[in-house]
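Residue-level structure breakdown
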Amino acid sequence: MNEILVIEDLSKSFGAVMASDKVNFSLKRGEIHALIGPNGAGKSTLIKQIIGEIRQDSGSILLDGLEVSNQNVPTRIRLGLARTFQITNVISDFSVFQNLLLALIGIEKKEFTFFSKAVSNKLLVEKVNKILDETELSEKKDEVAVRLSHGERRQLEIGLALALSPKVILLDEPMAGLSVDIIEKMKKSFMKIKAKVPVLLIEHDMDVVFAIADRISVLVNGTIVATGAARDIRMNREVKKAYLGID
Amino acid sequence: MISEKIINLGCITCLLIFSLVAHYMDEPYFVTLATRITIFAMAAIGLNLVLGFGNLISLGHAAFFGFGGYISGILATHAFNSEPIFEWPLIFSGSSNLIVIWVLTALLCSALALVIGFFCLRTTGVYFIMITLAFAQMIYYFAISWPSYGGEDGLSIFIRSSLFNINTMNGMNFFLICFFWLGLSLYLTSRIIQSPFGLALRASRYNLDRVKSVGITPFRIQLLAFVISGVITGIAGSLYADLNRFVSPSSLSWQMSGELIVFIIIGGVGYIYGPLIGAIFFVTFEQIFGSYSEHWQVFLGLLIILTILFARGGLIGFLSRSRDYE
């Protein structure tokens, strides 16, 4: 099966507002699938339903053929979902090394190990060092996260996602607030990541989306109005209407 | 700045030397004082595991301290009267054997902590503080209204507890038993905090969403920490009852919970030896200022205000700026 993440008829309403209205969506192996839409379209609500922070009213979420709709966040993470947050979310008081070590402790189910030092586990430390190299954060290994620049914190978040050896990575506006040169660096890094792990990308920077996404889905008022390759989406009437008000 | 290790080693060595000197100078009052410090420190070490490392501000830890004391008292009372506590499925007539008392205290306190933690850990912040207080107050009023075990007057322990062939009535012997428990609690806390479990607990102190998003369920981590914490504080309560040969509902009161928090704040929140240093300071402060005025808490209040305003890491944080486990 080529599709790793399948969302079927997912609906969620908050009172009279339909945040997700029978959303059907899939993510294929080896692709970056971008989810775009105007503010208030329901992108973040959709991400929160996929990750398990918000429970859907109806519909299902299949990860690698497994129904995960009723699982909580930690279980979904262990089943292969990883995410970054819209606003960078790392443990500010921990060093870069400790942040990554925590991710590995979580995914390796070592959190109930009591009497051995966390930093003495050679296997975990080796893996942390590997992720540090991949995310080019080796030099910042012992830096407390709160002292990192915004871009470095974004890198660390991606490192945390990679440390979980996920089947799917959900990136929620990873380019927000980054400088042009860091964005270029991140684009290259995402292209490398997608070779290993498919990426669901939510991003407002359309240049980035059209440059790196293999497929784009457009969400408007909780409904997917179009899905396709970048050039198809550019020409799509529904998309033009939603973004530019052109009928 | 003084290294945290030197402060820690200095404090624990001073406590041991103080009691040894008092013993050889035939000053049992000071040996008892050192034992009191040791027990209070141990109780606060238990609380510090959740408060200092997990940011779970429990105002109900007196429940475990008093519960441990009552377990000790009830077992000793039945052993003295030879009246069985229960007769089915087997006859159990209490015990004065310290090993039996500690094992039962650990088991029953862990069960109590499991129940209290299961409900309380569904809340956070001020709600957590209030619900832990509510549980402790329930147990406090239950103890007051239970005449079989002394009710409001408390329960006297008439029988001498035994541990192998050690004479536990000897103040120094009992101090050394308590000192062993203090050392064990410090060692366990230190190991736990540096372990993967400790890292997850400390992470849940800062950021629950991040902990969940690496596949860890914070509730389980916090519940287990709460149980370990309850057991440590419970055993300290059991030792305190043995020290005084008496246990009363006051050991279950919210003032007791407050005192444990004060030890931690003065010593240093989130420092392994913080509660020990806080207990040493508190009891010494009480002895010195208490001899001048019965309203010595006025000065204590002033000290707490100064600590919070100018030394948030307590005495250890003020003297040393780093944490050993990091």
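Reading the values: rules and limits
Residues numbered from 1 in each chain as written. Chains lettered and ligands numbered in written order. Predicted model: local features only at pLDDT ≥ 70, side-chain atom pairs only at ≥ 80, totals over all residues. Helix = DSSP H or I, 4+ residues; strand = E, 2+ residues; numbered from the N terminus. Rg over C-alpha atoms; globule rule 2.2 N^0.38 Å. Buried ≥ 20, exposed ≤ 12 C-beta atoms within 10 Å, placed from the backbone. Pairing = 2+ DSSP bridges. Contact = placed C-beta atoms within 7 Å. Axes fitted to C-alpha atoms, helices over the stretch in contact; angles between N-to-C directions. Domains from an automatic or database assignment. Nonpolar A, V, L, I, M, F, W, Y, C, P; charged D, E, K, R; others polar.

Moving on to the overall build of chain B. Across its full length, chain B holds 13 helices and 4 strands. Here chain B has a C-alpha radius of gyration of 19 Å; the compact-globule value for 326 residues is 20 Å, and the two agree. When its C-alpha atoms are laid out on the principal axes, chain B stretches across 55 × 50 × 35 Å. Relative to its 326 residues, chain B shows a buried fraction of 52%.

So, about the sheet that holds strand β2 (residues 17–28) of chain A. Residues and elements named next belong to chain A. Taken in spatial order, the 4 strands make up an open sheet running β2-β1-β4-β5, and their pairing is antiparallel. With partners counted over all chains shown, the strands left at the sheet margins are β2 and β5 (66–67), one partner each. As judged from the 5 bridges shared by strand β1 (residues 3–14) and strand β4 (residues 58–63), these two strands associate in the antiparallel manner. In the strand pairing of β4, Val 6 is matched with Leu 62. Strands β1, β2 and β4 of the sheet are contacted by helix α1 (residues 43–51), whose axis makes an angle of about 65° with β2.

Attention now goes to the sheet that holds strand β8 (residues 199–202) of chain A. Residues and elements named next belong to chain A. Overall, mixed pairing links the 6 strands, which are arranged β6-β7-β8-β3-β9-β10 in an open sheet. The open sheet has two edge strands with one neighbour each: β6 (81–84) and β10 (223–228). Between one strand axis and the next, the sheet turns by 20° as a mean value, whatever way the strands run. Pairing analysis gives 4 bridges linking strand β3 (residues 32–36) to β8, with the strands arranged parallel. Residue pairing across strands places Leu 35 opposite Ile 202, the latter belonging to β8. In the packing of α1 onto the sheet, the strands contacted are β3, β6, β7 (168–172), β8 and β9 (215–220), and the crossing angle to β7 comes to about 150°. Sheet contacts for helix α6 (residues 180–196): β3, β7 and β8; angle to β8, the most-contacted strand, approximately 145°.

Time to look at the domain arrangement of chain A. All names here are of chain A. Annotation of chain A at the domain level lists domain 1 (1–80 + 167–247) and domain 2 (90–165). Of the residues lining the interface, 9 residues belong to domain 1; the matching set on domain 2 comes to 7 residues. Put simply, the parts of the chain that give the side of domain 1 that touches domain 2 at least two residues each are α2 (73–79) and α6. Counted by class, the side of domain 1 that touches domain 2 contains 5 nonpolar, 3 polar and 1 charged residues.

A few words on the pairing of β9 of chain A. All names here are of chain A. Summarising burial for β9: 5 of the 6 residues are buried, a large majority. Alignment of β3 against β9, held across 4 bridges, turns out to be parallel. Looking at the pairing, Leu 35 lines up with Ser 217 of β9. As judged from the 5 bridges shared by β9 and β10, these two strands associate in the antiparallel manner. Note on β10: the bridge partner recorded for Val 220 is Thr 223. Taking the residues that link successive antiparallel strands as the turn, the β9-β10 hairpin has 2 residues, and the phi of Asn 221 there is positive, at about 50°.

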